[in-house]
Amino acid sequence: MADHVLDADASVAASDDGLREPSVQTPAPGTLPPDVPHFVGRRRELEELRADIDRPGLATLRGRSPDGSRVLLVAGRPGSGRTSLALRLAHDVAARYPDGQFFVRLSDNEGEPVPSDQSARALLRALRADAEPGAEGAELSAALRTALAGRRAVLVLDDVADPRQLLDLLPKGSGSLFVATAEGPLPGVPDVRPCTLGGLDPAACVDLLAQAVGRVRITNDPKAAEALAHECGGHPAALRLIGAWLATQPRTSVADATRRLHDIRIDSPAPAPAAARDSAPGAATSGDGVLREDVGRRGAADVLPVDERARVVARSAPAPAKATALTAAAGPRATAPPELLRAFRFVYGALAPAVARMLRLLALAPAGLVDAQTASALAGCSVGEAEATLENLTGCGLLHTEQPTSADAPLPRQYRVPGWLTPSLRELLRDTDRPGETQLARARMLERTVRLLHACRLGLEEAGTEPDGLPKSLRFADRAAAAAWLRDRLPVLLAAARLAVADGELDTLARRLMAALVRALAADPGGGENAAERYQLHHLVLDVAQRRGLHREKAAALLNIGDLDVEGARPLDALDRYRAALVAAREGFDGDAEGRALEAIAGTYLELDDPQRASDWYGRALALRQARGELVHAARLHGRLGALQTYAGRYGPALREWRAAVTAYRRLKDLPSQARALTEVARVQEYAGHPEDALRTCRDALYWARQAGERRLEGAVLLRMADTLDRLGDPAGARLQRAAARRLLPASEIPRTAGAEEG
């Protein structure tokens, strides 16, 4: 059974809907996110969804054969458990869909729809049916439909923001099951009845709290647990947050937590974790741990309610610029219900100052994914401190652990910021931290990413490369570890590059990041599978180059994009890229890029079966290389022109070009290339009807091949001499030459006729 986890932006293993508990077990790569370990409630909804799979569709009821896959929709607000329910269903019915189980997110952590092209390409890669690097739109949709045709697979499409995202991925045929999650109905998707989720029933809420804080505390005061469930509106994510807080406060009663939560209002300023004087910007933890110990001690003379503490902080702290209201109107996602926002505010106010600062900075994490290295760079603390803080935030229910996509080597643990939390964190970051400090944190994160990519490239290169100047925490154990890290983190690295380019104020770092990523991908032995990512990356380089007026970088980006277009069998698109690169190279006075562009245009015309134009552009490239005194390139271009003239039957011009190539290689003292060029001269002479001249030229080629010590080349020249002797009516001489060639070449490279004669 082929199970796969993928994300259009990054691979995922944990839901951001808040119902799931963080899992300490790392599931095997290539599986759906693991089933929820303690799934509570939703039995009625689960039964309805199972029954809906086999429900006759509208087409069947109208007497027609169904022409599409079955689509189920789980609708609910963020944190309602919609993803957990979809995953539970997918695991339950997996045996009915043996051709694969897949998971893909259709919204990023900002709540913006992921482009359909990106989602389709992610699914195609999981299906091992990757499309061409520059394919888009209808091409990708068609490729996906073809890949899914005849399969029985279940696909969980999480957080659908627009019906078109779903429609673009639906294949023809009725073999697969699509389970979508969204905030509401998806108009335009045919034959779909949404399963709408509200709050959990009281019994499920109490069960959920008991899992978090222990059954003894709940049994001691069941009425208080029911009151807390009512205060949270039965919202699963809110209950988990409060339950995680209670688990760290053994001396606080459930009733006390309920009263404190009741006092929280989302239309008032957010509580600060502590006074500004207590904050240590360079540290991720403080002496009082993740949660302040005094938060749960009600009745002490020096303890204030959370909101009162916020008012004291507001009067005494010199900083914040303006009050923060965590309302549902913040940010593009901005759909977290009030119960969830109140629970977050409650827990956030209990965090130690440095921990709260790190949590705010996680809003800058690309694609909402963070590891200890990223968190360390953002907060300016050690990797160990960052890792401990991330684990503690996970225990508080504010982060989810992430499933790695590679099983080739162990990888550092990765964490996801829940999507519903990102807008609130961004607002807190904007209103609590100075803009300069935020930008500095972003720059530290990008710089750390550049260094990691540098270390990755060194790890991927041949053994013996010393990672000069890199601390031990940045080094990779071996080549497999570096390759696994690069492939697992590639979506996050691309997201970091996109964010850096979009920022506009960190273009130097953005350029360094993209250059480091290009080099790392080039060093990856499996880099051929990353053509689509390289296509995106070169487009990002092009964006920065155009914005900054960097003609040389623009030319290089256009050349690279054109090369990928050629690989993708789009020569006309490539031709446009190469022409634009030629203009940019001339504007930037980049002779090398100009020569590359001229040769690329010629090669593309050759792909288009237009040898006359190809010859013209190769001639322009040759003139440029000769003017620049680049003898190596000139020799190679003489050979290209000689081959084109030979193909066209113009043997006189062909001989001139190949003899010019011989002269250039002689000046370069490149004996093997000189011998090969002489062999081509002999070939043209033979085509032109001068076998005696061809034989003399072959003897010259044989001499230089022996001087170069090239045994294979010597054998090839001997075979050509044998063919020429056959044409001159000297079979005995031909047999001698073939016998000599057999001593130099493996049997597989000897023509059958030659082998038969010698036998």
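Rules behind the numbers
- Residues numbered from 1 in each chain as written.
- Predicted model: local features only at pLDDT ≥ 70, side-chain atom pairs only at ≥ 80, totals over all residues.
- Heavy atoms only, no water.
- Salt bridge = Lys/Arg side-chain N within 4 Å of Asp/Glu carboxyl O.
- Helix = DSSP H or I, 4+ residues; strand = E, 2+ residues; numbered from the N terminus.
- 1 Å grid on protein atoms, 1.4 Å probe; cavity = no way out; pocket = protein on both sides within 12 Å on 5 of 7 lines; lining within 4 Å.
- Points joined across faces, edges and corners; volume = space filled by probe spheres on them.
- Nonpolar A, V, L, I, M, F, W, Y, C, P; charged D, E, K, R; others polar.
- Pairing = 2+ DSSP bridges.
- Axes fitted to C-alpha atoms, helices over the stretch in contact; angles between N-to-C directions.
- Buried < 20%, exposed > 50% of the residue type's maximum accessible area, 1.4 Å probe, protein only.
- Polar contact = N/O pair within 3.5 Å; in protein donor to acceptor, adjacent residues only side chain to side chain.
- Contact = heavy atoms within 4.5 Å.
- Phe/Tyr/Trp six-rings, centres within 6.5 Å; stacked < 30°, edge-to-face > 60°.

1. Brief notes about the pattern of salt bridges
- Taken as a whole, this structure holds 47 salt bridges when the rule is applied.
- With its nearest N and O atoms 2.5 Å apart, the salt bridge here joins Asp-507 to Arg-547. With a gap of 40 residues between them, Asp-507 in helix H20 (residues 507-523) and Arg-547 in helix H21 (residues 531-548) connect regions that are remote in the sequence.
- In this structure, the salt-bridge partner of Asp-723 is Arg-738, at a minimum N-O distance of 3.0 Å.

2. What to know about empty space enclosed by the protein
- Enumeration according to the criterion identifies five cavities of 30 Å³ or more in this entry.
- Taken as a whole, the largest cavity encloses approximately 160 Å³ of empty space.
- Lining the largest cavity are 16 residues, with Asp-371, Thr-374, Thr-449, Val-492 and Leu-493 sitting closest to its centre.
- Examining the composition of the lining of the largest cavity, we find that five residues originate from one element, helix H19 (residues 479-503), more than from any other.
- Classifying every residue of the lining of the largest cavity by side-chain character gives nine nonpolar, four polar and three charged.

3. Side note on the sheet that holds strand S4 (residues 177-182)
- Reading across from one edge, S2-S3-S4-S1-S5 is the order of the five strands in this open sheet, with parallel pairing throughout. Edge strands, defined here as strands with exactly one partner in the open sheet, are strand S2 (101-105) and strand S5 (194-196). The average angle at which neighbouring strand axes cross in this sheet is 15°, direction not considered.

4. Here we look at unusual backbone geometry
- The phi torsion at Ala-367 lies on the positive side, around 60°, for a residue other than glycine.
- With respect to the element layout, Ala-367 can be found in the loop between helix H14 (353-361) and strand S6 (369-371).
- Under the relative-accessibility criterion, Ala-367 is labelled buried at 14%.
- Phi is positive for Ala-569, close to 60°, though the residue is something other than glycine.

5. Here we look at the side chain of Gln-685
- One can find Gln-685 in helix H28 (residues 671-687).
- A distance of 2.7 Å separates a polar atom in the side chain of Gln-685 from a polar atom in the side chain of Thr-697.
- Ignoring sequence-local partners within four residues, the contact set of Gln-685 consists of Leu-655, Arg-659, His-690, Asp-693, Ala-694 and Thr-697.

6. Quick word on the packing of aromatic side chains
- Inspection of every chain in the model, using the stated rule, returns six aromatic pairs.
- Measuring from ring centre to ring centre gives 6.3 Å for Tyr-651 and Tyr-687, while their planes differ by 55°; the resulting arrangement is tilted. Linking Tyr-651 in helix H27 (residues 651-668) with Tyr-687 in helix H28, this pair joins segments that are 36 residues apart in sequence.
- The exposure class assigned to Tyr-651 is partly exposed, which follows from its relative accessible area of 27%.
- Since its relative accessible area comes to 46%, Tyr-687 is described here as partly exposed.
- With a centroid separation of 5.0 Å and 75° between ring planes, the pair formed by Tyr-703 and Trp-704 is classed as edge-to-face.
- Relative accessible area serves as the criterion here: at 45%, Tyr-703 is assigned to the partly exposed category.
- By the ring-pair criterion, three or more aromatic residues cluster together here, those being Phe-344, Tyr-348 and Trp-420.

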